[in-house]
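# Remarks on the overall topology
The lines below spell out each chain.
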Amino acid sequence: MIYDKILTICTLRPGRSPAVRKLEEVSSHFYCERTVYASRYYAGKQAGSKLVRMVTLPRGVYDAPIEADQYCILEDGNVYRIDQAQRDLDPDGLPATTLSLAEPEGKYELYKDRDGA
């Protein structure tokens, strides 16, 4: 696989107000696009989420695990909620993580925390 794009994994900081809850960067990774096939799309739809993208990224020994409650900012600048993170091997036999990405729920914008506060 050719990992030729960069994504950013973020967590949503706690807060009572949507204006306070901002995305905090956790890590950056190279990734490659995958195809969301009909079976995965409809399985997500039955679970109540709309899977719109799927990406695979290489997994290093010391990388922090990526969880389903985190968010992902792809190279196009859009924010996606990580619906599922599957740890497996890529077609070359190397450790990889495949992320199923859904549109974030809620009626408010998710802002990236730029000042670290």
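Quick note: structure is the one above.
The rules we used
- Residues numbered from 1 in each chain as written.
- Predicted model: local features only at pLDDT ≥ 70, side-chain atom pairs only at ≥ 80, totals over all residues.
- Heavy atoms only, no water.
- Core = buried A, V, L, I, M, F, W, Y, C linked by side-chain atoms within 4.5 Å.
- Buried < 20%, exposed > 50% of the residue type's maximum accessible area, 1.4 Å probe, protein only.
- Helix = DSSP H or I, 4+ residues; strand = E, 2+ residues; numbered from the N terminus.
- Contact = heavy atoms within 4.5 Å.

### Structural notes on the nonpolar core
Within the largest apolar cluster, 13 residues are counted, with the highest numbers of intra-cluster contacts made by Leu7, Leu74, Ile82, Leu99 and Leu101. Listed by contribution, the elements that provide at least two residues to this core are strand 1 (5-12), strand 3 (51-58), strand 5 (79-89) and strand 6 (95-102). In terms of residue count, the dominant contributor to this core is strand 5 (three residues). Beyond its immediate stretch of four places on either side in the chain, Leu74 contacts Ile6, Leu7, Tyr31, Glu33, Arg53, Val55, Tyr80 and Leu101. One finds Cys10, Leu12, Tyr71 and Ile73 within the second-largest nonpolar core, a separate group that totals five residues.

### Regarding the side chain of Thr97
Summarising the element assignment, Thr97 is placed in strand 6. For Thr97, a relative accessible area of 4% translates into the label buried. Not counting chain neighbours up to four residues away, the residues in contact with Thr97 comprise Val55, Thr56, Leu57, Arg59, Ala85, Gln86 and Arg87.

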